[in-house]
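# Analysis of the macromolecular model
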Amino acid sequence: MNRTPWNTGPVAFAYPEGPTILSLTNLQLSPGTITVIAGENGSGKTTLLKILSGLLHIRRAVGDELRTFRTHSSYLHQHPYLFRGSVLRNLRLASPQAGDSDITRALDSVGLAGYAQRNVKKLSGGEIKRVALARLFLSDRQILLLDEPAAHVDAISIRKIEECCRGLADRGRTLIVTSHRGGFGYRVADTLVDLEDGSVRTSSVNILRGSVSEEKESSLSFESRGVRFRVPHRDGSFQVAVLAGEDIILSKQPLESSARNCLKGTIRRLDETGDDGIRASLDCGMNLVSVITPAAVDELGLRPGKTVYATFKASSVALY
């Protein structure tokens, strides 16, 4: 499996005679991971994916990095097209060399076992998207660009699409998925970036994978990489806890407060956010990001290797 990061290089887009509306210096993507690009309608998510896939022309000359990126990528439209006939016909047209066992595995991967002879006219919107994902499963493209795959589909299909995305990443594929902020994006993302005002910014939201480990009083404990912290009581099964970096307070000593969580950690790195803030990356047994001010960095004497305490309320954690 390729382990070298994929790079897009610089990307900029403008309509004829208009200003630049989309610009990024570079996206670096690790093989076998899922990057979710979150943004509101009209923020440019689809435009970005079409540029990265080569479906949309950009003014400036395409660099070597983007050219290589495109040759290894495949784009899944938000409303994928299927040819007339059976599911099997569509998969055969997409991958003529695929054997029967390959097609069976592809349909199993999207929760459509036994659908090979089903006429595509009888499929729901969610099933159509899952057939399109099965086509990607059979392809040899290593970079998959999925435009809001969970939009306008039923809950069962959303879960199956999530499982398929994770399965593709586990097999070494690199995925870029566009989505609004919310359950689907948080559940599939290894990395979340925000598309705002035509620029991509690394999100300061912590997406922690794990499970609810125990119930106590009116709250639950969530365990991620062996670290437990308190979260609000909610009924259901959850695999992801989401915590905004702005909700984490850093201190030199443990704080005496009403906050239910205080984790000891070590500063790994400090980066500017681009909004006059500092993103502090911590190792608390699990990775956490806290967003603080430059003044706080100076007052606390923060630097890589320094021990700090990360405090946050249980109510600041959302479960998905």
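See the structure shown above.
Structure report, in brief. (Residues numbered from 1 in each chain as written. Predicted model: local features only at pLDDT ≥ 70, side-chain atom pairs only at ≥ 80, totals over all residues. Heavy atoms only, no water.)

The number of helices and strands found in the chain is 8 helices and 21 strands. Rg of the C-alpha trace for the chain: 22 Å, near the compact-globule value of 20 Å for 320 residues, within the 12% margin. Counting only C-alpha atoms, the chain reaches 65 × 55 × 35 Å along its principal axes. Among the 320 residues that make up the chain, the fraction classed as buried is 51%. Considering only intrachain contacts with a sequence separation of at least 6, the fraction spanning at least 24 residues in the chain is 66%. Of the roughly 15,900 Å² that the chain leaves accessible, carbon and sulfur atoms contribute 46%. Within the chain, one finds 41 positive and 34 negative side-chain charges whose respective centroids are separated by 6 Å. (Helix = DSSP H or I, 4+ residues; strand = E, 2+ residues; numbered from the N terminus. Rg over C-alpha atoms; globule rule 2.2 N^0.38 Å. Buried < 20%, exposed > 50% of the residue type's maximum accessible area, 1.4 Å probe, protein only. Contact = heavy atoms within 4.5 Å. Areas by Shrake-Rupley, 256 points an atom, 1.4 Å probe, with all protein chains shown as cover. Lys, Arg positive; Asp, Glu negative; His and termini not counted. Charge placed at Lys NZ, Arg CZ, Asp CG, Glu CD.)

The next subject is the pattern of salt bridges. What the rule picks out here adds up to 13 salt bridges. The salt bridge partner of Glu196 is Arg201, with a shortest N-O separation of 3.8 Å. The closest approach of N and O atoms between Arg228 and Glu223, which form a salt bridge, is 3.2 Å. Note on Arg228: relative accessible area 45%, which makes it partly exposed. (Salt bridge = Lys/Arg side-chain N within 4 Å of Asp/Glu carboxyl O.)

Turning to helix H5 (residues 125-138), a few remarks are in order. Compared with the 20 Å implied by 1.5 Å per residue over 14 residues, the 21 Å span of H5 between its first and last C-alpha is a close match. Burial in H5 covers these residues: Gly126, Glu127, Lys129, Arg130, Val131, Ala132, Leu133, Ala134, Arg135, Leu136, Phe137 and Leu138. Elements in contact with the buried residues of H5: strand E6 (73-76), helix H3 (87-94), helix H4 (100-109), strand E7 (143-147) and helix H6 (155-170). (Expected span 1.5 Å × (residues − 1).)

As for its position among the elements, Ser43 is in the loop between strand E5 (34-38) and helix H1 (45-53). At 2.7 Å, the side chain of Ser43 and the backbone oxygen of Glu40 are in polar contact. (Polar contact = N/O pair within 3.5 Å; in protein donor to acceptor, adjacent residues only side chain to side chain.)

Attention now goes to the sheet that holds strand E20 (residues 307-312). The 5 strands lie next to each other as E16-E20-E17-E18-E19, forming an open sheet whose pairing is antiparallel. One side of each edge strand has no neighbouring strand; the edge strands of this open sheet are strand E16 (249-251) and strand E19 (287-292). Each strand of the sheet is rotated relative to its neighbour by a mean of 45 degrees, with strand direction disregarded. (Pairing = 2+ DSSP bridges. Axes fitted to C-alpha atoms, helices over the stretch in contact; angles between N-to-C directions.)

We now examine the nonpolar core. Counting 44 residues, the largest nonpolar core has Ile34, Leu91, Leu107, Leu133, Leu146 and Leu175 as its most contacted members. Counting residues per element, this core draws most heavily on H5, at 7 residues. Not counting chain neighbours up to four residues away, the residues in contact with Leu175 comprise Thr33, Ile34, Thr35, Leu144, Leu146, Cys165, Leu168 and Ala169. Within the second largest apolar cluster, 29 residues are counted, among which are Ile248, Leu263, Met286 and Leu302. (Core = buried A, V, L, I, M, F, W, Y, C linked by side-chain atoms within 4.5 Å.)

For Ser53, the position within the fold is in helix H1. Looking at Ser53, its side chain comes within polar contact range of the main-chain oxygen of Lys50, at 3.1 Å. If sequence neighbours within four positions are ignored, Ser53 has contacts with Arg70, Ser73, Tyr75 and Leu145.

Strand order in the open sheet made by the 3 strands is E11-E15-E21, with antiparallel pairing throughout. In this open sheet, the two strands that pair with only one neighbour each are strand E11 (205-209) and strand E21 (318-319).

In short, geometric facts, not functional conclusions.
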